[in-house]
Amino acid sequence: PACERGWIARAGDRRLGSIFCVRGAEAGAAKLRLFLLEPEVRGIGLGRRLLHTCLDYARATGYRRMTLWTHESHAAACALYAKSGFACVRSEPVHSFGVDLVEQEWTRELAP
């Protein structure tokens, strides 16, 4: 609990999105997980707000780096990651979830 946290965006009782910061496999690394937005709230800045809240938390908790895993087909999310200082460090074609996809790993350093 001292080094992991999750946020759920809501409007009343309706969940609109989520993001989680969990401890990564490497020392000093956080992993971004379960970053989801309902389609009708995409493009209004909610994703950026959730992402920056998660990054701020990771930085304040002492993590030095944040990583995430996604698919290239999530173009809007990848654009947000790039605008937020992440770099794609691995891109690999895979057959997953019954379809051909391009799996990606993104990372960014967290300055104190």
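Whatever comes next refers back to the structure up there.
Below, the structure is looked at part by part. (Residues numbered from 1 in each chain as written. Predicted model: local features only at pLDDT ≥ 70, side-chain atom pairs only at ≥ 80, totals over all residues. Heavy atoms only, no water.)

A short note on the nonpolar core
Next, step 1: Ranked by size, the top nonpolar core spans 27 residues in total, and within it C21, L51 and M66 carry the most contacts.
Next, step 2: Per-element tally for this core: the top contributor is helix α1 (residues 46-61), with seven residues.
Next, step 3: When sequence neighbours within four positions are dropped, the list of residues in contact with L51 reads I19, L32, F35, L80, Y81, S84 and F86. (Core = buried A, V, L, I, M, F, W, Y, C linked by side-chain atoms within 4.5 Å. Buried < 20%, exposed > 50% of the residue type's maximum accessible area, 1.4 Å probe, protein only. Helix = DSSP H or I, 4+ residues; strand = E, 2+ residues; numbered from the N terminus. Contact = heavy atoms within 4.5 Å.)

Describing the pairing of strand β1 (residues 5-11)
Next, step 1: Sheet topology note: the β1/strand β2 (residues 14-23) ladder contains seven bridges and is antiparallel. Directly across from A9, in β2, lies its bridge partner G17.
Next, step 2: In sequence, β1 turns back onto β2 through a hairpin of two residues, with G12 there showing a positive phi of about 65°. (Pairing = 2+ DSSP bridges.)

What about the sheet that holds strand β3 (residues 29-37)?
Next, step 1: In space, the six strands of this open sheet follow the order β1-β2-β3-β4-β6-β5, with mixed pairing throughout. Taken across any chain shown, the strands that pair with only one partner, and hence form the sheet edges, are β1 and β5 (87-96). Strand after strand, the sheet turns through a mean of 20° between neighbouring axes, direction not considered.
Next, step 2: Sheet strands in contact with α1 are β1, β2, β3, β4 (65-71) and β6 (99-109), and its direction is about 25° off that of β2. (Axes fitted to C-alpha atoms, helices over the stretch in contact; angles between N-to-C directions.)

A look at the environment of A76
Next, step 1: By the element assignment, A76 lies in helix α2 (residues 75-83).
Next, step 2: In this structure, the C-alpha to C-alpha distance between A76 and R42, residues 34 residues apart in sequence, is 9.0 Å.

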